[in-house]
Amino acid sequence: MKIDRMELLGVVVTDLDEAVDRYTRLFGLEFHIFTPGESYPLADAIAINDSAAQIPAGGRIAMDTSGMFELIELPDEQPGFRNIHYRVDDIEAAKAHFIAEGMTVVRDLYAGPIREVIFDGATFGGIRVCLMQYDGPSFAEVATSGPVPV
């Protein structure tokens, strides 16, 4: 199993517009704000209204164009890091490795061209680990490249 690289950090925010403004000022990032079913091609594929959902139904997300940060608006949750995404070249081997290390899978899905396995944050200090396998230079580019099959 090979972890290619940490792809992005998911951060819970209570006010997406305010958070985008702050992250832009702090880090000089440019963000795209997406609403499921509106403009984020993968949102419908991954917006499952349960505890493992990336974007709860009706929620909003912002992704910076470099693919470093994913800001997830969850007004009823505590702000902070929510997930770490790692890109892997063999997701089945990586999944087996993490399970052998005591981590629990909460979702194993395809979001268009991206295969993603999400592990419960309770098994990793409150932060969900997300493994992703896909073709393309970056998650940000694949996720925003246009409509994908659901």
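Let us look at the structure shown here. Please read these numbers as outputs of a predicted model, since none were measured by experiment. (Residues numbered from 1 in each chain as written. Predicted model: local features only at pLDDT ≥ 70, side-chain atom pairs only at ≥ 80, totals over all residues. Heavy atoms only, no water.)

### Points about the overall build of the protein chain
Per the secondary structure count, the protein chain includes four helices and eight strands. Ordered by position from the N terminus, the helices and strands of the protein chain form the series β-α-β-α-β-β-β-α-β-β-β-α. A buried classification covers 47% of the 150 residues belonging to the protein chain. In the protein chain, once contacts between residues fewer than 6 apart in sequence are set aside, the share between residues at least 24 apart is 65%. Of the roughly 7400 Å² of accessible surface on the protein chain, a fraction of 51% belongs to carbon and sulfur atoms. (Helix = DSSP H or I, 4+ residues; strand = E, 2+ residues; numbered from the N terminus. Buried < 20%, exposed > 50% of the residue type's maximum accessible area, 1.4 Å probe, protein only. Contact = heavy atoms within 4.5 Å. Areas by Shrake-Rupley, 256 points an atom, 1.4 Å probe, with all protein chains shown as cover.)

### Things to note about the pattern of salt bridges
Pairing is possible between side chains that carry opposite charge, provided their charged atoms lie close to one another. With the rule as written, the count across this model stands at six salt bridges. Here Asp-17 ties to Arg-60 by a salt bridge, and the two come within 3.3 Å at their closest N and O atoms. Of the two residues, Asp-17 sits in helix H1 (residues 16-27) while Arg-60 sits in the loop between helix H2 (43-46) and strand E3 (61-64), which places them 43 residues apart along the sequence. With its nearest N and O atoms 2.4 Å apart, the salt bridge here joins Arg-25 to Asp-21. Residue Arg-25 and its partner Asp-21 are both found in helix H1; the two are separated by four residues, about one turn of the helix. Through salt bridges with shared partners, one network takes in Glu-92, Lys-95, Asp-108 and Arg-115. (Salt bridge = Lys/Arg side-chain N within 4 Å of Asp/Glu carboxyl O.)

### Structural notes on the side chain of Glu-7
Tracing the sequence through the fold places Glu-7 in strand E1 (residues 3-13). Judged by relative accessible area, which is 9%, Glu-7 ranks as buried. Side chain to side chain, Glu-7 and Tyr-134 meet in a polar contact 2.7 Å long. (Polar contact = N/O pair within 3.5 Å; in protein donor to acceptor, adjacent residues only side chain to side chain.)

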